[in-house]
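# Descriptive analysis of the structure
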Amino acid sequence: MGVNDDDPRGFAGRCEYAWCTTEHGATVHPDDEVHRSGGVGFSARVRGGAERGPGIAADVEIGILRRPSDTENWLVIEVAGGGLAMTAEGARALRRALADDPQIQAALSP
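This section reports on the structure supplied with the text. Keep in mind it's a predicted model, so treat the numbers as computed, not measured.

With that out of the way, let us pick up the environment of serine 37. In this structure, serine 37 sits in the loop between β1 (35-36) and β2 (40-46). Look at serine 37 and you get buried, because its relative accessible area is 18%. Sequence spacing of serine 37 and isoleucine 64 is 27 residues, and the spatial spacing of their C-alpha atoms is 5.2 Å. If we skip the residues at most four places from it in the chain, serine 37 touches Trp19, Thr21, Gly63 and Ile64. A polar side-chain atom of serine 37 sits 2.8 Å from the main-chain amide nitrogen of isoleucine 64.

So, on to the pairing of strand β5 (residues 82-87). Judged from the six bridges that link them, strand β4 (residues 74-79) and β5 form a sheet pairing that is antiparallel. Among the inter-strand pairings, leucine 75 is bridged to a residue of β5, identified as methionine 86. The turn linking β4 back onto β5 is made up of two residues, and alanine 80 within it adopts a positive phi angle of 45°.

Another aspect to go through is the pattern of salt bridges. Under the defined criterion, the tally for this structure stands at two salt bridges. Ionic pairing is found between glutamate 89 and arginine 92, a salt bridge with its closest N-O pair at 3.2 Å. Within this pair, glutamate 89 and its partner arginine 92 are both found in helix α1 (residues 88-100), separated by three residues, close to a single helical turn. Its salt-bridge partner being glutamate 89, residue arginine 96 comes within 3.4 Å of it at the nearest N-O pair.

Reading the values: rules and limits
- Residues numbered from 1 in each chain as written.
- Predicted model: local features only at pLDDT ≥ 70, side-chain atom pairs only at ≥ 80, totals over all residues.
- Heavy atoms only, no water.
- Helix = DSSP H or I, 4+ residues; strand = E, 2+ residues; numbered from the N terminus.
- Buried < 20%, exposed > 50% of the residue type's maximum accessible area, 1.4 Å probe, protein only.
- Contact = heavy atoms within 4.5 Å.
- Polar contact = N/O pair within 3.5 Å; in protein donor to acceptor, adjacent residues only side chain to side chain.
- Pairing = 2+ DSSP bridges.
- Salt bridge = Lys/Arg side-chain N within 4 Å of Asp/Glu carboxyl O.

In structure tokens, the structure reads:
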């Protein structure tokens, strides 16, 4: 994992993950040494699954996260300081459902 014995946090130099944008070794706090992708942001109207009403306009960001203690990459969907993280397998299942399920396709069509 890009480990260097001279760095007590376990990171130095280039990261082994091509998608990681963290400047390992240049961060202020060890908790900042997680592997993060650049992310993709967009605006959307959102609401909690149990909420009613029109929802609220919010900035949404999607990216990949891998903490030093993780054994796999996680897809993170962040909305207004909260969010959801799912495994890569979960993200692949979500992608398949969005692309292949005819009911979802019909409901999301313009």
